[in-house]
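# Report on the structure
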Amino acid sequence: CTINSAWKMSDSQLIIALITAYAQKYITDLRFIKKLNLADISLPYKEQFMYKCAFDAETQLLSLEGKLWFGVVDMKQKKCILDLKKELHFGQQASYWLTIKNQKYLSIQLGGKEILMYKVMADNGSYKLVRDDNYKITADGWIIYCDFDRECNNFALVVNQNSLQIRSLNNVNDIIRSITLDEKIEYMAYRCMQLSANGNRCVLSGGNEKPYFYL
């Protein structure tokens, strides 16, 4: 980065300029390579529509949220290693790869009032997912959204469309804080909630045909 003495750049401007230049070079060099075609795998799910997929780089596992189905594909072995049925209108955007106390987990919502945790374990060159009820998350009402912070310390739930709950992964069913929302959140299949990396902030959209959001 060459700086002309006639135009002095502040430290923050210089950092932004360097980041911008690096990002532009990175995007220019970026290439998309086909690694997997689900049509080549014998999946139990035959529908065309997927709500979400989530890839874990360490294990090369890909989670898939379908309409009434949830599955996990081993991209190295090119095979389905988890096949589960789920309820309609629940569990969209709810699957996350998590590391809790140095153990890899996958969160899965199959029904309206609970989120399950599956432990990822090595299995003869591939992996298997084993349900761990120590981290089973339950609620008195319908869970419509959930999200976890980056360090897997805390997570947030939206229950019954009008209650935002903050909980800890040390005790998943202990509600640390509960906030009653002014208006009910309308259900959407898209992701409508994001917890900050440190878990101190949460942004939540109003949902379908609701032109506002909570922060």
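What counts, and where the lines are drawn
Residues numbered from 1 in each chain as written. Predicted model: local features only at pLDDT ≥ 70, side-chain atom pairs only at ≥ 80, totals over all residues. Heavy atoms only, no water. Pairing = 2+ DSSP bridges. Helix = DSSP H or I, 4+ residues; strand = E, 2+ residues; numbered from the N terminus. Axes fitted to C-alpha atoms, helices over the stretch in contact; angles between N-to-C directions. Core = buried A, V, L, I, M, F, W, Y, C linked by side-chain atoms within 4.5 Å. Buried < 20%, exposed > 50% of the residue type's maximum accessible area, 1.4 Å probe, protein only. Contact = heavy atoms within 4.5 Å. Polar contact = N/O pair within 3.5 Å; in protein donor to acceptor, adjacent residues only side chain to side chain. Salt bridge = Lys/Arg side-chain N within 4 Å of Asp/Glu carboxyl O.

## Brief notes about the sheet that holds strand β4 (residues 79–85)
Taken in spatial order, the four strands of this open sheet run β1-β2-β3-β4, and their pairing is antiparallel. Because the sheet does not close on itself, it has two edges, and the strands there are β1 (50–56) and β4. Adjacent strand axes in the sheet meet at a mean angle of 15°, parallel and antiparallel pairs treated alike.

## Here's the deal with the nonpolar core
Within soluble globular proteins, side chains that are nonpolar tend to cluster in buried spots. The biggest cluster of nonpolar side chains holds 19 residues, and the ones touching the most others in it are L98, I100, M117, I137, F148, L157 and L169. Not counting chain neighbours up to four residues away, the residues in contact with M117 comprise L98, I100, Y105, L106, S107, V130, R131, D132, Y135, I137, F148 and L169.

## Digging into the side chain of Q109
Mapped onto the fold, Q109 is located in the loop between β6 (103–108) and β7 (114–123). Looking at Q109, the relative accessible area reads 2%, which means it is buried. There is a polar contact of 3.0 Å between the side chain of Q109 and the backbone oxygen of G111. For Q109, the side chain forms a polar contact with the main-chain oxygen of I143, separated by 2.9 Å.

## Quick notes on the sheet that holds strand β13 (residues 171–180)
The four strands are arranged β10-β11-β12-β13 in an open sheet whose pairing can be described as antiparallel. The open sheet is flanked by β10 (143–148) and β13, the only strands paired with a single partner. Sheet twist, expressed as the average angle between the axes of neighbouring strands with direction ignored, equals 25°. Direction of pairing for strand β11 (residues 154–159) relative to strand β12 (residues 163–168): antiparallel, over a ladder of six bridges. Across the sheet, the residue bridging to N154 is S168, located in β12.

## Considering the pattern of salt bridges
One pass over the full model with this rule turns up four salt bridges. A salt bridge links K104 to E58; its shortest N-O distance comes to 3.2 Å. Of this pair, K104 sits in strand β6 while E58 sits in the loop between β1 and β2 (61–66), and the two are 46 residues apart along the sequence. With relative accessibility at 14%, the residue K104 sits in the buried group. Judged by its relative accessible area of 61%, E58 falls in the exposed class.

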